[in-house]
Amino acid sequence: MLRKIFALTLLTTSVLTAGNAMAADKLIVSTWGGSFKDLIDETIAKEFTKETGVEVQFVTGGTIDRLNKAKLAGGTPETDVTFTTAHVGYLYANSGLFEKLDMSKIPNAVNLVEQAKVSPYHLGVWGYVYTIGYRPDLVPKGETFTSWNDLWKPELKGTLALPDWDPSHIIAVSAKLSGADAAHWQQGEAKMKALIPNIKSFYTDDANSQQLISTGETPVQVMLSMNAYSMMAEGVNIKLAIPKEGAILGVDTVGINKGTKHADLAYKFMNIALKPEIQEQVAKIYRGSPTVTNAHIDPELAKLPGMLTTPAQWNATINTDPQLRAEKTAEWRQWFSENIMSH
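Residues numbered from 1 in each chain as written. Predicted model: local features only at pLDDT ≥ 70, side-chain atom pairs only at ≥ 80, totals over all residues. Heavy atoms only, no water.

**Observations concerning the confidence of the model for the protein**
Of the residues in the protein, 93% have a pLDDT of 70 or more, and the chain-wide mean is 92. Confidence drops under pLDDT 50 across residues 1-24; counting only partners more than four residues distant or on other chains, this segment forms one contact. (pLDDT = per-residue confidence, 0-100. Contact = heavy atoms within 4.5 Å.)

Structure representation (structure tokens):
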């Protein structure tokens, strides 16, 4: 009788322990809010939960806000996995907030394009461009924006919006138009200052960017391609132009938070993010460029401005080294704030 009671006790304890483990097992992901959180939820997270049975929970916020929270958390991270931009990923890594990746646990990474092999700590999950987005009904008739130089045309006075949190796009463009590159960005200072009369506003985030162009307050923007396509799907009259000098490459990345207690799940999540089927969904639904070469993209989709599906298209972009961007971010923002935004 005692044996039966003991056995029953062990069984009950085992069941409760297993149940508690399952209840506690969830992967917490740090990302942006809005459509980008929806993108991850509908593609990567959905497949992850399907394959593992583990729930994905999101913590959302702005790029720099989330970085600052991670710094405060230190070795006891709030999240297990973090999505961020390529250059801000370096700020995580340099602060000891990302695990050095064991690539043997991410077999799908073997198919990454070169531009997505960002660092030993974070990898690209989709690409996009920052380029010229405009309202054809609100700019001078016939304007097509064949060159970045077109942003400086006098007839575009008071029409342009730029992001306020990251001046690297216009800094790289101004440097290139001045015969230099982002590493020698000071050579483009005069060019940037000459743009001031055409600048109407500085948008604070993706939602603000979309609001400003949809209302027509700023009918021209240096704009994230994925946001433009989202608005086109909603019926807003926007066009994207790819200047002859090339659009500005952007790569969003994923890394594993150092100190996570769910490292194995985090690796599983990263590997799923790089599955060709998932990358195809990202391209189809949200117009994010696949970062793996074995994703098959519909030819009509591949023709869209800003979609990167071949090595030639990736290589034709203006690609500022993300490590350089990380090093220069504070300096660039200060100069931009004092010399451009204050006017």
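**Description of the packing of helix H2 (residues 34-52) against helix H9 (residues 263-273)**
Where H2 meets H9, the closest approach of the two axes is 10 Å, and the angle between their N-to-C directions is 125°. When the axis of H2 is compared with that of H9, the two are oblique. You can see that H2 and H9 cross each other, and the crossing is right-handed. Contacts from Ile40, Ile44, Ala45, Glu47, Phe48, Glu51 and Thr52 of H2 reach H9 at Leu265, Lys268, Phe269, Ile272 and Ala273. Classifying every residue of the contact of H2 with H9 by side-chain character gives eight nonpolar, one polar and three charged. (Axes fitted to C-alpha atoms, helices over the stretch in contact; angles between N-to-C directions. Helix = DSSP H or I, 4+ residues; strand = E, 2+ residues; numbered from the N terminus. Parallel < 35°, antiparallel > 145°, perpendicular 65-115°, else oblique. Left-handed = near helix turned anticlockwise from the far one by under 90°. Nonpolar A, V, L, I, M, F, W, Y, C, P; charged D, E, K, R; others polar.)

**Things to note about the pattern of salt bridges**
Summed over all chains, the structure comprises 12 salt bridges. Note that Lys153 is salt-bridged to Glu143, the shortest N-O span being 3.1 Å. Pair noted here: Lys153 is in the loop between strand E4 (122-134) and strand E5 (160-163) and Glu143 is in the loop between E4 and E5, with a separation of 10 residues, a long-range link. Overall, the relative accessible area of 25% leaves Lys153 in the partly exposed class. Here the salt bridges share partners, and the residues they tie into one network are Glu47, Glu51, Lys268 and Lys275. (Salt bridge = Lys/Arg side-chain N within 4 Å of Asp/Glu carboxyl O. Buried < 20%, exposed > 50% of the residue type's maximum accessible area, 1.4 Å probe, protein only.)

**Details of unusual backbone geometry**
The phi torsion at Phe145 lies on the positive side, around 55°, for a residue other than glycine. Mapping Phe145 onto the fold places it in the loop between E4 and E5. A positive phi angle, close to 60°, is found at Arg287, a residue other than glycine. If you trace the backbone, Arg287 turns up in the loop between helix H10 (276-286) and helix H11 (299-302).

**Section: the packing of H2 against H10**
Here H2 crosses H10 at 150°, and the two axes come no closer than 10 Å. Between H2 and H10, the angle falls in the class roughly antiparallel. Crossing of H2 against H10: the hand is right-handed. Of the residues in H10, those touching H2 at Ser35, Asp38, Leu39, Glu42, Thr43, Ile44 and Glu47 are Ile278, Gln281, Val282 and Tyr286. Residue composition of the contact of H2 with H10, by class: five nonpolar, three polar and three charged.

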